Amino acid sequence: MTRLAGKIAIVTGAARGMGAAISRRFAEEGATVALTDVLPEVDATAQAIGPAATAYRHDVSDESRWQEVVDAVVARHGRIDVLVNNAGILMFKDLLATSAADLRRILDVNAVGTFIGMRTVAPHMIRQGSGSIVNNSSCDGISPANSLIAYASSKFAVRGMTKVAALELGPHGVRVNSVHPGSINTPMVNPQGAPADALNRGMSWFPAQRLGDPIEAANCFVFLASDESSFCMGTELTVDGGLIAGHYYYGLPGAPAGILPPGPAPRKT
Ligand SMILES: NC(=O)c1ccc[n+]([C@@H]2O[C@H](COP(=O)([O-])OP(=O)(O)OC[C@H]3O[C@@H](n4cnc5c(N)ncnc54)[C@H](O)[C@@H]3O)[C@@H](O)[C@H]2O)c1
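Residues numbered from 1 in each chain as written. Predicted model: local features only at pLDDT ≥ 70, side-chain atom pairs only at ≥ 80, totals over all residues.

Asks: If you had to explain the nonpolar core to someone new, which residues and values would you point to?
Replies: Soluble globular proteins: nonpolar side chains tend toward being buried together. In terms of nonpolar packing, the biggest core is built from 55 residues, with Ala-9, Phe-26, Val-33 and Phe-221 touching the most fellow members. At seven residues, the largest contribution of residues to this core is made by helix α7 (residues 214-225). Not counting the four nearest positions on each side in its chain, Val-33 is found in contact with Ala-9, Val-11, Ser-23, Phe-26, Ala-27, Ile-49, Ala-52 and Ala-53. Of all hydrophobic cores here, the second largest spans five residues; its members include Leu-148, Ala-150, Tyr-151 and Ala-152. (Core = buried A, V, L, I, M, F, W, Y, C linked by C-beta atoms within 7 Å. Buried ≥ 20, exposed ≤ 12 C-beta atoms within 10 Å, placed from the backbone. Helix = DSSP H or I, 4+ residues; strand = E, 2+ residues; numbered from the N terminus. Contact = placed C-beta atoms within 7 Å.)

In structure tokens, the structure reads:
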């Protein structure tokens, strides 16, 4: 598997979850990967991937640390071909329960972190005349859920800044795209590590009727990082088992039978 052969990549938020899966898939496809995270577990994750992986402690909201990480990767490898802005934090709070400080904290990591990452790496990619930046937004950055006022704001911001960056960097040979996952089985949505089967039971409100595996999301990042996606610029790639494709009718209480179709039956498994 050599879809990313010879490429030098940075993946943020790579200690666990989707970032770890992206890093693993990148290395399997021949990339050299710098894994960055605030969590010390990033060292073990990089070690488990092997010699193609190096770990960096890195808070994505820290501008000067971003510069140090990028300088270190360029000093070591001479270039940066791929940046995945994946680090993120989630907060479920209603509008009325959300403080301005809550909103700023979420925006600082999810949106400002992504912005600083693009701005720090872009000069190197422009100099090279090539590069791919893939920003991890969310299906909540397209069609948000309730109680996600701060998180959805940050993910809409990531989606928007991806398009502006795609417009500005595209003429320099640098592609910028966003991925919009939903319901991926990572510590963010399953902090206790409950068995997927138990969580999937009764998930009949969207087509896949199950949580996604982090590798299923990581494969989308491989595509957008690779030269296979050479004509994708400012693209939004959803990987959500159809969660935001549309909605099912479940009939209307009291309405005559047959006017609205029934929703799908839950899968037997
Ligand atoms: N899991 C899902 O269903 C889902 C859906 C849509 C979008 N996302 C997005 O995918 C990305 C990865 O999430 P995940 O599900 O793997 O969650 P996760 O919590 O398992 O992983 C997120 C990683 O980001 C790191 N991180 C948090 N704040 C950081 C900071 N300031 N600097 C550096 N690293 C930081 C964490 O330490 C962690 O390792 C996030 O941006 C998240 O918003 C996840």
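Structure shown, so let's carry the discussion forward.
Asks: Give a detailed account of the environment of His-247, specifying residues and quantitative values.
Replies: Of note, His-247 is situated in the segment after β7 (236-239). Distance from His-247 to Leu-95, taken between C-alpha atoms, is 24 Å for residues 152 residues apart in sequence.

Asks: Break down the site of the ligand for me, citing the residues and quoting the values.
Replies: The full set close to the ligand counts 30 residues, and Gly-13, Gly-17, Gly-88, Thr-186 and Met-188 are the nearest of them. It is helix α1 (residues 17-28) that provides the largest number of residues to the shell around the ligand, a total of three residues. Of the residues assigned to the shell around the ligand, the class counts are 14 nonpolar, 13 polar and three charged. (Near = placed C-beta within 6 Å. Nonpolar A, V, L, I, M, F, W, Y, C, P; charged D, E, K, R; others polar.)

Asks: An account of the packing of helix α4 (residues 100-128) against helix α5 (residues 149-169) is needed here, citing residue identities and associated values.
Replies: Two elements in contact, α4 and α5, have axes whose closest approach is 8 Å; the angle formed by their N-to-C orientations is 15°. Considering the angle they form, α4 stands roughly parallel to α5. Considering only the axes of α4 and α5, their crossing is right-handed. Where α4 abuts α5, its residues Asp-102, Leu-103, Ile-106, Leu-107, Asn-110, Ala-111, Thr-114, Phe-115, Met-118 and Ala-122 lie against Ala-150, Tyr-151, Ser-153, Ser-154, Lys-155, Ala-157, Val-158, Met-161, Ala-165 and Leu-169. Partitioning the contact of α4 with α5 into residue classes produces 14 nonpolar, four polar and two charged. (Axes fitted to C-alpha atoms, helices over the stretch in contact; angles between N-to-C directions. Parallel < 35°, antiparallel > 145°, perpendicular 65-115°, else oblique. Left-handed = near helix turned anticlockwise from the far one by under 90°.)

Asks: Residues and numbers for α7, please.
Replies: Taking 1.5 Å per residue as the helical rise, α7 with its twelve residues ought to reach 16 Å, and the 16 Å between its terminal C-alpha atoms agrees with that figure. Every buried residue of α7 is accounted for by Pro-214, Ala-217, Ala-218, Cys-220, Phe-221, Val-222, Leu-224 and Ala-225. Contacts from the buried residues of α7 go to β1 (8-12), α1, β4 (82-85), β5 (131-136), β6 (174-181) and β7. (Expected span 1.5 Å × (residues − 1).)

Asks: Explain unusual backbone geometry residue by residue, including any values.
Replies: Although it is not a glycine, Ser-147 sits at a positive phi angle of roughly 65°. As for its placement among the helices and strands, Ser-147 is situated in the loop between β5 and α5. Exposure remark for Ser-147: the 15 C-beta atoms within 10 Å place this residue in the partly exposed category.

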